[in-house]
Amino acid sequence: MTSKVGYNIDLEKRLQGSVPKKGHTQAHPTLLSSTSSSDDPRDVLQGEDRAWFSHWKPFLAGLLLSLVVVQQFPRSEQPVICSPNASSVCPAASPIAPSVHADLLKQLEISYATEGFKINSFALLGGAVKIPTEMFDDMKVPGQDPRWDVFNQLHGYIDSHFIQVYRELRKTTINTYGLVYHWQGSNPDLKPLLLTAHQDVVPVEPLTVDTWLYPPFSGTWDGKWIWGRGSCDDKPGLIGSLTAIEKLLEKGFKPQRTIVLAFGIDEERGGIVGGTGIRDYLLSAYGPNAFALLIDEGGTLEAHSDGVIATPAVAEKGHFDLRMSISTPGGHSSVPPEHTSIGILAALIAELEANPFTPHLYRNEPYFTALQCQALVDPEMDDELRDLIGKARYSDKALADLEERLFRNPLSRALAGTTQATDIVHGGVKTNALPENAFAIVNHRIAGHSSVSTVKTHIAAVLLPIVKKFNLSLDAFGESLNGELSQKTSGHLKLSDAWGTALEPAPVTPWLKNPAYDLLAGTILNVVKTSARWNNPDIPVIVAPGTMTGNTDTRYYWNLTQNIFRYGHVSRFDKYNGAHTVNEAILADAFIDLIRFFTIVILNADESKIL
Ligand SMILES: [Zn+2]
């Protein structure tokens with residue numbers, strides 16, 4: 001979740017259920033910006049041609065059931081939260097500070113506040129940014145592609161700059177360049193803490209180099225920002241966690257709880273070598289559900305001078321890339337049929353876009369909780385919306401009205417539903433030759449309340465009328481359905497998983513009555529309230545469960561722990577221009593706070609006996 005918030009309110013009062021009315025009436029930019037309407041795709045199934053539908057019955061029956069069960073989940077069966085107290089929905093955390101290790105942390109905080117430490121840390125991150133560990137989609141496995149060689153340079157850099165880590169931690173390499181570090185704790189009863197990040201970065205588009213304020217792999221610290229590809233994504237996670245551990249080692253800290261670091265190598269293309277290899281290694285070396293909690297990149301905190309909302313992501317959407325391949329007879333284009341394969345493909349795409357997935361708010365999903373939290377603390381939210389969010393806890397009518405209002409905004413729709421985007425289209429080779437083949441690839445991000453099979457069912461149902469209109473034979477995800485057509489088909493449509501990478505939505509990490517969530521939330525509160533950036537121990541801070549619309553390497557880590565959090569303790573305002581684009585840069589002071597976050601979460605996890 002992202003939100004633009006400013007605070008001039010008494011957060012504590014609000015958490016106690018006393019939400020004062022605000023005079024501010026400006027619409028919230030995150031929640032209310034554009035307009036859009038979406039037809040319910042379920043209506044397609046009520047359409048004119050049930051006879052045609054009967055051809056599909058055997059294939060669709062099972063899938064339809066899941067569609068109905070998942071997408072028509074009646075509101076009356078949703079958990080209704082009747083408490084008038086919003087804090088029962090938005091969990092209120094308390095700051096957690098180490099007690100046994102209080103002196104150690106004090107010493108480290110003094111060290112972290114020195115100019116020498118800061119400049120050294122900026123240089124450490126900058127030095128890692130200088131090593132262009134670019135990840136390309138078409139890279140072969142390590143050893144078969146020289147573009148991997150640069151990772152050797154990064155490993156040498158880590159070994160030579162994190163001396164204590166090199167000496168004290170056990171390092172294992174996975175698939176040549178994946179890195180796992182093991183720091184043995186003294187208490188084997190405590191499940192290890194797992195911190196993950198990735199070493200690779202997205203490539204720099206050569207045509208954009210001139211638009212960078214500093215060269216893309218300069219790693220320059222200009223007095224305020226640290227510049228370069230990877231400075232936001234994800235070398236702060238890599239260097240920040242290593243720096244925290246190096247400092248803890250320097251101070252002689254000996255953990256009770258084992259700490260494991262795992263650094264992937266191709267997260268930016270889906271982790272097919274790094275994430276999978278690390279998963280297999282950790283499962284074999286530590287076993288399933290062996291870790292107390294896992295913190296990876298992802299969720300952010302949104303910070304202003306007068307308040308902070310942090311959203312560690314407890315949920316991650318699923319993923320499905322649909323390939324629609326259409327083939328028709330070729331020939332000379334001077335005597336064409338009424339529709340070429342490209343024309344039919346266009347009709348298929350248009351039909352999908354005319355029938356998008358319907359987003360829904362469910363009271364037991366993290367986005368709903370995040371809205372409750374935002375309503376508690378966001379002074380820029382207008383009264384009507386705040387009231388609607390509150391009433392939606394117990395009123396189905398208010399919930400429906402809230403949906404109608406929120407879903408004018410693309411981000412809200414993406415957080416509450418499955419999205420589709422036609423991203424690749426290809427067809428034809430010559431202007432005087434009819435295109436025999438054409439295809440499109442449509443990317444889907446699957447909502448937590450949905451599934452891959454539901455998405456496939458939706459697609460097949462939506463495309464049925466077009467398939468009939470053009471008299472096509474059809475292979476829908478392996479089901480051949482051309483046996484009962486009355487006349488010769490004019491072409492063939494194949495629907496398939498484009499890359500074989502379909503991914504279900506991630507299991508949701510519990511955020512209520514979960515000691516791991518409480519530990520993380522309490523740590524975040526402490527890190528913010530003791531940060532020199534705000535210099536305000538009374539600053540209002542709230543932690544809300546976030547939802548990732550994309551995926552990280554954690555897509556492979558579901559079996560390692562039930563407590564997966566994607567959280568970077570960096571605000572979007574701490575990024576000069578975001579990630580995956582030109583002028584990637586991180587605010588240097590934010591990087592220091594990230595090191596503080598890793599330090600404190602390690603110490604807090606070490607003292608926690610409940611995980
Ligand atoms: Zn990343």
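In this report, the structure presented in the accompanying data block is examined.

The rules behind the values
Residues numbered from 1 in each chain as written. Predicted model: local features only at pLDDT ≥ 70, side-chain atom pairs only at ≥ 80, totals over all residues. Heavy atoms only, no water. Helix = DSSP H or I, 4+ residues; strand = E, 2+ residues; numbered from the N terminus. Buried < 20%, exposed > 50% of the residue type's maximum accessible area, 1.4 Å probe, protein only. Contact = heavy atoms within 4.5 Å. Areas by Shrake-Rupley, 256 points an atom, 1.4 Å probe, with all protein chains shown as cover. Core = buried A, V, L, I, M, F, W, Y, C linked by side-chain atoms within 4.5 Å. Axes fitted to C-alpha atoms, helices over the stretch in contact; angles between N-to-C directions. Parallel < 35°, antiparallel > 145°, perpendicular 65-115°, else oblique. Left-handed = near helix turned anticlockwise from the far one by under 90°. Nonpolar A, V, L, I, M, F, W, Y, C, P; charged D, E, K, R; others polar. Salt bridge = Lys/Arg side-chain N within 4 Å of Asp/Glu carboxyl O. Expected span 1.5 Å × (residues − 1). Donors = N, O, S within 2.8 Å, 3.2 Å for Na, K, Ca; no water. Pairing = 2+ DSSP bridges. Phe/Tyr/Trp six-rings, centres within 6.5 Å; stacked < 30°, edge-to-face > 60°. Lys NZ or Arg CZ within 6 Å of the ring centre and 35° of its normal. Polar contact = N/O pair within 3.5 Å; in protein donor to acceptor, adjacent residues only side chain to side chain. Disulfide = S-S within 2.5 Å.

### Quick look at the overall build of the protein chain
Regarding its fold elements, the protein chain presents 16 helices and 19 strands. For the protein chain, the proportion of its 611 residues judged to be buried stands at 58%. A sequence separation of at least 24 residues applies to 82% of the contacts in the protein chain between residues at least 6 apart. With the model as given, the accessible surface of the protein chain reaches about 24500 Å², and the carbon-plus-sulfur share is 53%.

### Focus on the nonpolar core
Of all hydrophobic cores here, the largest spans 84 residues; its most connected members are Y181, L242, I245, L261, L293, F597 and I602. Here this core gets 12 residues from one element, more than from any other, and that element is helix α16 (residues 588-607). Look past the residues within four positions of L293 in its chain and what remains in contact with it is P192, L193, L194, A516, L519, T561, N563, F565 and L611. Counting 29 residues, the second largest nonpolar core, distinct from the first, contains I446, I459, F477 and L493.

### Comments concerning the packing of helix α11 (residues 383-391) against helix α12 (residues 396-406)
Helix-helix packing: each pair is described by the crossing angle between the helix axes and the interaxial distance. For the pair α11 and α12, the least separation of the axes is 8 Å and the interaxial angle reads 135°. Relative to α12, the element α11 is oriented oblique. Of the two possible hands of crossing, α11 and α12 adopt the one that is left-handed. Taken together, the residues of α12 that come into contact with α11 (itself represented by E384, L385, L388, I389 and K391) are A398, D401, L402, R405 and L406. Of the residues contributing to the contact of α11 with α12, the split by class is six nonpolar, no polar and four charged.

### Section: the pattern of salt bridges
Counted under the stated rule, the structure contains 17 salt bridges. In this structure, E302 and R572 form a salt bridge, with 3.1 Å as the shortest nitrogen-oxygen distance. Here the residue E302 occupies a position in strand β7 (residues 301-304), and R572 occupies one in the loop between β18 (564-567) and β19 (585-587), the gap between them amounting to 270 residues. For E302, a relative accessible area of 1% puts it in the buried group. A residue is classified by how much of its surface remains accessible, and R572, at 33% relative accessible area, is partly exposed. We note a salt bridge from R405 to D382, for which the minimum N-O separation is 2.5 Å. Remark: D382 occurs in the loop between α10 (366-377) and α11 and R405 occurs in helix α12; sequence separation between them is 23 residues. Neither R405 nor D382 differs from the other in exposure class; each is buried.

### Observations concerning helix α7 (residues 235-250)
Its 16 residues place the ends of α7 22 Å apart at the C-alpha level, agreeing with the 22 Å of an ideal helix rising 1.5 Å per residue. Extensive coverage of α7 is indicated by the burial of 15 of its 16 residues. Of the residues trailing α7, G252 is marked for its positive phi of about 80°.

### Side note on the coordination of the zinc ion
For the zinc ion, the full set of protein donor atoms is H198 (NE2), D233 (OD), E297 (OE) and E297 (OE), at a range of 1.9 to 2.6 Å. For the zinc ion, the single-chain donor residues occur in sequence as H-x34-D-x63-E. Here H198 is found in strand β3 (residues 193-198), whereas its partner D233 is found in the loop between β4 (225-227) and α7, with 35 residues between them in sequence. Here H198 matches D233 in class, with each residue buried.

### Quick word on the pairing of strand β1 (residues 170-174)
Pairing of β1 with strand β2 (residues 178-183) involves five bridges; the strand directions are antiparallel. Its bridge partner lying in β2, R170 is registered against H182. Hairpin connection from β1 to β2: three residues lie between these consecutive antiparallel strands, with N175 at a positive phi of about 50°.

### Comments concerning the packing of aromatic side chains
Enumeration over the complete set of coordinates arrives at 15 aromatic pairs. For the pair W148 and Y177, a centre-to-centre distance of 5.9 Å together with 10° between the ring planes defines the contact as stacked. Within this pair, whereas W148 is found in the loop between α4 (115-129) and α5 (150-161), its partner Y177 is found in the loop between β1 and β2, the two being separated by 29 residues in sequence. Y177 shares its class with W148; the two are buried. Positioned above the aromatic ring of F439 is the side chain of R323, whose terminal nitrogen or guanidinium carbon lies 4.0 Å from the ring centre.

### Considerations on the packing of α7 against α16
Two elements in contact, α7 and α16, have axes whose closest approach is 8 Å; the angle formed by their N-to-C orientations is 55°. The orientation of α7 with respect to α16, classified from their angle, is oblique. For the pair α7 and α16, the crossing hand works out as right-handed. Together, P236, G237, I239, G240, S241, T243, A244, I245 and L248 of α7 and F591, L594, I595, F598, T599, I602 and L603 of α16 make up the contact between the two elements.

### A few points about the side chain of N514
Within the fold, N514 resides in the loop between β15 (491-497) and α15 (515-529). Relative accessible area serves as the criterion here: at 7%, N514 is assigned to the buried category. Among the polar contacts listed, one links the side chain of N514 to the backbone oxygen of P510, at a separation of 2.9 Å. Leave out the neighbours within four places in its chain, and N514 touches T509, N563 and F565.

### Remarks on unusual backbone geometry
In the segment running from D233 into D234, the intervening peptide bond is cis, with an omega of 0°. Mapped onto the elements, D234 comes out in the loop between β4 and α7. For N175, which is not glycine, the phi dihedral falls at a positive 50°. Structurally, the position occupied by N175 is in the loop between β1 and β2. You can call N175 partly exposed: its relative accessible area is 39%.

### Focus on the state of the cysteines
Two cysteines, two sulfur atoms, one covalent bond between them: this is a disulfide. Within the structure shown, the criterion is met by one disulfide. In this model, C90 is linked to C373 through a disulfide, with the two sulfur atoms separated by 2.0 Å. Because the torsion about its S-S bond is 110°, the bridge between C90 and C373 counts as right-handed. Remark: C373 occurs in helix α10 and C90 occurs in the loop between α2 (50-71) and α3 (102-112); sequence separation between them is 283 residues.

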